[in-house]
Amino acid sequence: EGFNELPSTTRRSTLAIIVGAAREPMFLLLITSVAIYLALGDRREALILFLSLFVIFTITIFQERKTERALEALRDLSSPRALVIRDGEEKRIAGREVVRDDILILTEGDRVPADAVLLSCNDLMVDESLLTGESVPVRKISWDRQEKPRRPGGDNQPFVYSGAMVVQGRGVGRVLNNGLRTEIGRIGKALQTLEPDETFLQQRSATMIRTFAAVGLSLCAVVIILYGLNRGDWMGGLLAGIALAMSLLPEEIPVVLTVFLALGAWRMSQRRVLTRRMPAIEALGSATVLCVDKTGTLTLNRMSVNQLSADGYIFQVDESAQPLPLRFHELVRYALLASETDPFDPMEKAIKALGARYLPRGGENQSASLVHEYSLSPELLALTHVWKLPGDDTHIVAAKGAPEAIADLCHLPAPQFSELSERVAALAKDGLRVLGVAKSSFMGSEWPKSQHDFTFEMLGLIGLADPVRAEVTAAVEQCRRAGVEVVMITGDYPETARAIGRKIDLPPDVEIMTGSEI
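Just so we're clear, the structure is a prediction, and the values are computed from it rather than from any experiment. (Residues numbered from 1 in each chain as written. Predicted model: local features only at pLDDT ≥ 70, side-chain atom pairs only at ≥ 80, totals over all residues. Heavy atoms only, no water.)

## Describing the overall build of the chain
Here is the rule: Helix and strand assignments follow DSSP, with helices taken as H or I runs no shorter than four residues and strands as E runs no shorter than two, numbered in order from the N terminus. Using C-alpha atoms as the atom set, the radius of gyration is obtained and then compared with a globule rule of 2.2 Å times the number of residues to the power 0.38. Type-normalised accessible area, obtained with a 1.4 Å probe on protein chains alone, sets the label of each residue: buried when under 20%, exposed when over 50%, and partly exposed for intermediate values. In what follows, residue pairs with any heavy atoms lying within 4.5 Å of each other are defined as contacts. Here the accessible surface of atoms and residues is derived via Shrake-Rupley with a 1.4 Å probe, and residues count as covered only by protein chains that are part of the display. Counting rule for charge: Lys and Arg are taken as positive, Asp and Glu as negative, and neither His nor the chain ends is counted. For this purpose, a charge sits on NZ of Lys, CZ of Arg, CG of Asp or CD of Glu.
Scanning the chain from terminus to terminus reveals 16 helices and 16 strands. In terms of overall dimensions, the chain is more spread out than a globule: its C-alpha atoms have a radius of gyration of 32 Å, far above the 24 Å expected for 518 residues. Principal-axis analysis of the C-alpha atoms gives the chain an extent of 120 × 60 × 40 Å. When the 518 residues of the chain are sorted by exposure, 41% land in the buried category. Counting only contacts in the chain whose residues sit at least 6 apart along the sequence, the fraction spanning at least 24 positions is 66%. Only carbon and sulfur atoms are counted for the fraction: they give 58% of the accessible area of the chain, which is about 28,200 Å². For the chain, the separation between the mean place of its 56 positive charges and that of its 65 negative charges on side chains is 6 Å.

Here it is as structure tokens:
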């Protein structure tokens, strides 16, 4: 079936770039104008236009060749190295050597080398933004041996896709497709057949130039005929007609438009943005609505614990040397036990940093060992870790997750659930992401099938802040002045979204629409 790689796109030679640019109506007009001036003997005007033409070609070739070289370098991302099981042994091989039915081992930090189905996984989170544009990682589950392969996007799929990045957990998968048969391969194949359309500006300028050319040639013919018939001097009539036609040709317009687009491409390159074709600058400048993801785009995606809530008390985490009150120690300790020991997720990193700051040895029991895990599921957005203490049959059980899921595990009565919801809403209004934490214990070695089989006790809530990027407020204001409406898209609580909107100076009466309403 060939190597597991995407075919390189046909490299555009310098000659092909020149020919492509020369076919533009604006360039053809300039070339025609140069030829007519030379025919009339006006070498000075011809030289000025020719120099303009030379500058435009130079800028175009330089910009497009630089972009082509950068895109060729980026192609290496499509063939990462892979850890596979062959002949009963783990082997690290080149990604291009992965074949269908290979068994992949995926861990945090790995780039998925091919489309695969997950035979097993544990707390597996995958960044599929390369395929879907969604910057927030999606949760994966094990295959039930029945579900058919489908397109990427959304949580709780048993399929992983070539080019995606594993950001949390571990999984074992069987390769379904490689090379051009993968989802990213289909995109590459579609792009190879895609022919770029003319932009609105190109269409309008070409129409205007054709109109001027038609009018100019018509008047040229009329002047030649009238001049020749009235004066009998057909050569003089020809020169007069050509002079009139030249006065009507807008030869400056293509120079101005092309140079301005080239300047736009150059300015974008200074901001590390590649412009493969200069007309893309026009499309970018035509934007009227900008839809932006919140996490990692408007915010830094560097979570930090901002508030702790336990037993009706609030502790504000700040840079002061204030010690952590004893009533919050258990909350932090169990939050740590319910997290990965070497976290990749920003929220778990923030919890670990909190433990390292306030609790001895980060609050973890160094002698305990992790013996069982319950992963997040579509039915219950909570995960549970079971720890074994040496010389003791008692197991420590720690759970964390969405507050409503933890409340469900704790079987809170209606009054306590209502009180919890009010506290969650109060934290969300401050723009915080909220996690609930619970504890339990267990005797024995046969693990319950479900987290619901443990008797959990609610410990409290953790509010995490994701700082807004310093430059975002000014950027939103720039968009507003330019007539571009900014729309924020997030999976957070509506109140959290509203709080972030206030921080970046979105209009105070901004409308919030939930996914179900859409």
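## Structural notes on the nonpolar core
The criterion, for reference: Buried Ala, Val, Leu, Ile, Met, Phe, Trp, Tyr and Cys residues that are joined via side-chain atoms within 4.5 Å together make up what is termed a nonpolar core.
Ranked by size, the top nonpolar core spans 31 residues in total, and within it Val305, Leu308, Leu324, Leu331, Ile462 and Leu464 carry the most contacts. Elements represented by at least two residues in this core include exactly strand E9 (304–310), helix H11 (329–337), helix H12 (346–358), strand E13 (394–401), strand E14 (433–443) and strand E15 (457–465). Look past the residues within four positions of Leu308 in its chain and what remains in contact with it is Tyr313, Ile314, Phe315, Val317, Leu324, Phe328, Leu331, Val332, Leu354, Leu461 and Ile462. In this structure, Val98, Leu104, Leu118 and Val126 belong to the second largest nonpolar core, which totals 17 residues.

## Overview of the sheet that holds E13
Our working definition: In short, DSSP must find at least two bridges between two strands for them to pair. Where helices are involved, their axes are fitted lines through C-alpha atoms of the stretch in contact, as for all axes, and angles between N-to-C directions lie from 0 to 180°.
Read from one edge to the other, the open sheet built from seven strands follows the order E10-E9-E15-E14-E13-E12-E11, with strand pairing classed as antiparallel. Two strands lie at the open edges of the sheet, namely strand E10 (313–316) and strand E11 (369–374), each paired on one side alone. Neighbour-to-neighbour, the strand axes of the sheet open up by a mean angle of 25°, direction not taken into account. In the sheet, E13 pairs with E14 via eight bridges, with the strands oriented antiparallel. By the bridge assignment, His395 is partnered in E14 with Phe442. Helix-sheet contacts for H12 involve E9, E10, E13, E14 and E15, and the interaxial angle to E9 is about 70°. Running at roughly 15° to E15, helix H14 (residues 414–429) makes contact with E9, E14 and E15 of the sheet.

## Concerning the side chain of Asn4
Spelled out, the test is: Residues adjacent in sequence count toward polar contacts only when both atoms are side-chain atoms; beyond that, a polar contact is any pair of N or O atoms within 3.5 Å, and within protein one must be able to donate a hydrogen and the other to accept it.
Summarising the element assignment, Asn4 is placed in the segment before helix H1 (14–22). In terms of polar contacts, Asn4 uses its side chain to reach the backbone amide nitrogen of Gly179, at 2.8 Å.

## Regarding the packing of aromatic side chains
As a reminder of what qualifies: Centre distance within 6.5 Å is the pairing criterion for rings of Phe, Tyr and Trp, where only the six-membered ring of Trp is used; planes under 30 degrees apart are then read as stacked, over 60 as edge-to-face, and the remainder as tilted. When the NZ atom of lysine or the CZ atom of arginine is within 6 Å of a ring's centre and also within 35 degrees of its normal, the charge is said to sit over that ring.
The final tally for this structure, using the stated rule, is six aromatic pairs. A centroid spacing of 5.7 Å and a plane angle of 80° characterise the contact between Phe442 and Phe454, whose relative ring orientation is edge-to-face. You can see Phe442 sitting in strand E14 and its partner Phe454 sitting in the loop between E14 and E15, a full twelve residues away along the chain. For Phe442, a relative accessible area of 15% gives the class buried. Between the aromatic rings of Phe454 and Phe456, the centroid separation amounts to 5.9 Å while the plane-to-plane angle is 65°, which identifies the pairing as edge-to-face. On the basis of relative accessible area, Phe456 is assigned to the buried category, the value being 7%. Site record: aromatic cluster; members linked through ring pairs are Tyr374, Phe442, Trp447, Phe454 and Phe456. Above the face of the Tyr313 ring, Arg327 is positioned so that its terminal group lies 3.8 Å from the ring centre. In this structure, Arg333 is placed above the aromatic ring of Tyr334, and the distance from its NZ or CZ to the ring centre is 5.7 Å.

## Thoughts on the pattern of salt bridges
So the rule is basically this: A side-chain nitrogen of Lys or Arg and a carboxyl oxygen of Asp or Glu constitute a salt bridge if their distance falls within 4 Å.
A full pass over the atoms with the stated rule returns 14 salt bridges. Glu1 serves as the salt-bridge partner of Arg100, at 2.6 Å between the closest nitrogen and oxygen. Of this pair, Arg100 sits in the loop between strand E2 (89–94) and strand E3 (103–107) while Glu1 is found in the segment before H1, placing the two residues 99 residues apart along the sequence. Classification of Glu1 as exposed rests on a relative accessible area of 58%. Connected via shared salt-bridge partners are Arg151, Glu183 and Arg186.

## What about the pairing of strand E12 (residues 382–388)?
Judged by how many residues are buried, E12 sits mostly within the fold: six of seven residues are covered. Here five bridges tie E11 to E12, and the two strands are oriented antiparallel to one another. Each residue of the ladder has a partner; that of Ser369, found in E12, is Lys388. With seven bridges connecting them, E12 and E13 associate as antiparallel partners. The residue of E13 that forms the bridge with Thr384 is Ala399. Where E12 hands over to E13, the hairpin turn is made up of five residues, of which Gly391 adopts a positive phi near 70°.

## Points about the environment of Gln270
Mapped onto the elements of the fold, Gln270 is located in helix H8 (residues 252–270). Remark: the alpha-carbon pair of Gln270 and Gly312, spanning 42 residues in sequence, is separated by 52 Å. Within the structure, the side chain of Gln270 is placed 3.4 Å from the side chain of Ser269, a separation counted as a polar contact.

## Some remarks on unusual backbone geometry
Trans peptide bonds make up most of the peptide bonds, and negative phi angles are found at most residues other than glycine. Phi is positive for Asp87, close to 55°, though the residue is something other than glycine. By secondary structure assignment, the location of Asp87 is in the loop between strand E1 (81–86) and E2. The phi angle at Asp101 is positive, at roughly 75°, despite the residue not being glycine. Structurally, Asp101 is set in the loop between E2 and E3.

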